[in-house]
Amino acid sequence: MADSRRKPGRLETHLAAYDRVVEVGIGRRTELAATLAETGVSVTATDITPRAVPVAVEFVTDDVVDPDLEVYEGADVIYARNLPPELHRPTLEVAEHVGADFLFTTLGGDQPAVPVERRTVREGTLYVARSDGAPR
């Protein structure tokens, strides 16, 4: 008898459905941004500290608490990995302002500080704080 349980998808699969993405707080973890760029997604990465990113990824120094909204304009989704709770609301506000979806993961046992829908991904839980409801 076949196992009818679906295995959760990967975070990159959810994000690859978008044309233009902005990653908040890329840090030193550039592999997801690189993978998305390799699949044809336009990727901009931000951090408060200048970071080295793959050639196909645009990098902008920005602080989501005091954002340059031009960085996020035109994005289909703003995402972050291991986003600390104090940045959930400011990032959601940026996403709302520019009309982008907002997806994120947290670190360890941190719970979302904004209303979310939870999706299981192989890497853990993906929180969807803002979505236009369009199928992805």
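Please refer to the structure placed before this passage.
Now for a quick tour of the structure. Every value quoted in this text rests on a predicted model; they were computed, and no experiment measured them.

1. Considering the sheet that holds strand S4 (residues 77–80)
Working step 1: Pairing is mixed in the open sheet, where seven strands are placed in the order S3-S2-S1-S4-S5-S7-S6. With one partner strand each, in any of the chains shown, strand S3 (57–61) and strand S6 (117–121) form the two edges of the open sheet. Averaged over all pairs of adjacent strands, the angle between their axes in this sheet comes to 25°, without regard to strand direction.
Working step 2: Looking at chain direction, S6 and strand S7 (residues 124–130) are connected through five bridges and run antiparallel. Counterpart to Glu-117 in the pairing with S7 is Val-128.
Working step 3: Contacts between helix H3 (residues 88–98) and the sheet are confined to S4, strand S5 (101–104) and S7, with S5 contributing the most and set at about 155° to the helix.

2. Details of the pattern of salt bridges
Proximity of charged atoms lets side chains of opposite charge pair with each other.
Working step 1: Counted according to the given criterion, the structure contains six salt bridges.
Working step 2: Residue Arg-81 pairs with Glu-23 through a salt bridge whose shortest N-O separation is 3.6 Å. Of this pair, Arg-81 sits in the loop between S4 and H3 while Glu-23 sits in strand S1 (residues 20–23); the two residues are 58 residues apart in sequence, bridging distant segments of the chain.
Working step 3: The class for Arg-81 is buried, based on a relative accessible area of 13%.
Working step 4: According to the relative accessible area criterion, Glu-23 is buried, its value standing at 0%.

Criteria and thresholds
Sequence order sets the numbering: in each chain, residues are counted from 1 along the sequence as written. Two thresholds apply to this predicted model, a pLDDT of at least 70 for residue-level local features and 80 or more for giving and counting side-chain atom pairs, whereas whole-chain, interface and lining totals are computed over all residues. Side-chain figures throughout are based on the complete set of non-hydrogen atoms in the structure, without hydrogens or water. Each pair of strands is called paired provided DSSP finds at least two bridges between the two strands. Where helices and strands are cited, they refer to DSSP runs of H or I of at least four residues and of E of at least two residues respectively, numbered from the N terminus. For helices, the axis comes from a line fit to the C-alpha atoms of the stretch in contact; other axes are also lines fit to C-alpha atoms, and the angle between any two N-to-C directions lies between 0 and 180 degrees. In this analysis, two residues are considered to be in contact whenever any of their non-hydrogen atoms come within 4.5 Å of each other. Whenever a carboxyl oxygen of Asp or Glu lies within 4 Å of a side-chain nitrogen of Lys or Arg, that contact is scored as a salt bridge. To sort residues, take the accessible area from a 1.4 Å probe on protein chains only and compare it with the maximum for the residue type: under 20% means buried, over 50% means exposed, and anything in between is partly exposed.

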